[in-house]
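Next come the chains, spelled out residue by residue.
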Amino acid sequence: KEWSDMKELSVCIGSCCHERGSYNVIQAFTHLIEDFDLHNKIDFKAAFCMKQCSSGAVGVMFDGERYSVAPQEAEEFFKNTVLPNVK
């Protein structure tokens, strides 16, 4: 795959998001990327503040769009938002 074909997925690891479970969101996304063999389709990284602090959940950016994802919603978010856009 060309680099430009990759979708960017990032999770905020700033202090607010860290307290809200960013580590668990990262773990969930990491496992799902592996399960669906998407290493060559998703550029997954950590990021600092995405200005989602007031949302009450973890800041996530996918393909230029900002989302707030609670750790317990990470798998559902990935399957409903990320997967359909990288297959």
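Residues numbered from 1 in each chain as written. Predicted model: local features only at pLDDT ≥ 70, side-chain atom pairs only at ≥ 80, totals over all residues. Heavy atoms only, no water.

(A) Expanded view of the packing of helix α2 (residues 22-35) against helix α3 (residues 74-86). In contact at an axis separation of 9 Å, α2 and α3 are set at 45° when each is read in the N-to-C sense. Between α2 and α3, the angle is such that the two are oblique. The handedness of the crossing between α2 and α3 comes out as right-handed. Here α2 contributes Val25, Ala28, Phe29, Leu32 and Ile33 to the contact with α3, which in turn contributes Ala74, Glu75, Phe77, Phe78 and Lys79. Class assignment of the residues belonging to the contact of α2 with α3 gives a composition of 8 nonpolar, no polar and 2 charged. (Axes fitted to C-alpha atoms, helices over the stretch in contact; angles between N-to-C directions. Helix = DSSP H or I, 4+ residues; strand = E, 2+ residues; numbered from the N terminus. Parallel < 35°, antiparallel > 145°, perpendicular 65-115°, else oblique. Left-handed = near helix turned anticlockwise from the far one by under 90°. Contact = heavy atoms within 4.5 Å. Nonpolar A, V, L, I, M, F, W, Y, C, P; charged D, E, K, R; others polar.)

(B) Region of the structure containing the environment of Phe62. Tracing the sequence through the fold places Phe62 in strand β3 (residues 58-62). Judged by its relative accessible area of 2%, Phe62 falls in the buried class. Phe62 sits 26 residues away from Phe36 along the chain, and the two C-alpha atoms are 17 Å apart. Here Phe62 is in contact with Lys7, Glu8, Leu9, Tyr67, Thr81, Val82, Asn85 and Val86, once residues within four sequence places are set aside. (Buried < 20%, exposed > 50% of the residue type's maximum accessible area, 1.4 Å probe, protein only.)

(C) Here's a closer look at the sheet that holds strand β2 (residues 42-47). Read from one edge to the other, the open sheet built from 4 strands follows the order β2-β1-β3-β4, with strand pairing classed as mixed. The sheet terminates laterally at β2 and β4 (65-69), the two strands that pair on one side only. Along the sheet, successive strands turn relative to each other by an average axial angle of 20°, direction set aside. Taken together, the 5 bridges between β3 and β4 define a ladder with antiparallel strand orientation. Each bridged residue has a counterpart across the sheet, and for Val60 the counterpart in β4 is Tyr67. Packed on one face of the sheet, α2 meets β1 (7-12), β2, β3 and β4 and runs near 155° to β1. Where α3 meets the sheet, its contacts fall on β1, β2, β3 and β4, and the angle it forms with β3 comes to roughly 10°. (Pairing = 2+ DSSP bridges.)

(D) Just the packing of aromatic side chains, in detail. Scanning the model with the defined rule gives 4 aromatic pairs in all. On the numbers, 6.0 Å between centres and 65° between planes, the contact of Phe29 with Phe44 is edge-to-face. Taken together, the residues span a long stretch of sequence, with Phe29 in helix α2 and Phe44 in strand β2 at a distance of 15 residues. Of the residues examined, Phe29 reaches a relative accessible area of 0% and is grouped as buried. A centroid spacing of 5.7 Å and a plane angle of 45° characterise the contact between Phe29 and Phe78, whose relative ring orientation is tilted. Residue Phe29 is located in helix α2, and its partner Phe78 is located in helix α3; the two are separated by 49 residues in the primary sequence. An identical accessibility class is assigned to Phe29 and Phe78; each is buried. Members of the aromatic cluster, each reached through a chain of ring pairs, are Phe29, Phe44, Tyr67, Phe77 and Phe78. (Phe/Tyr/Trp six-rings, centres within 6.5 Å; stacked < 30°, edge-to-face > 60°.)

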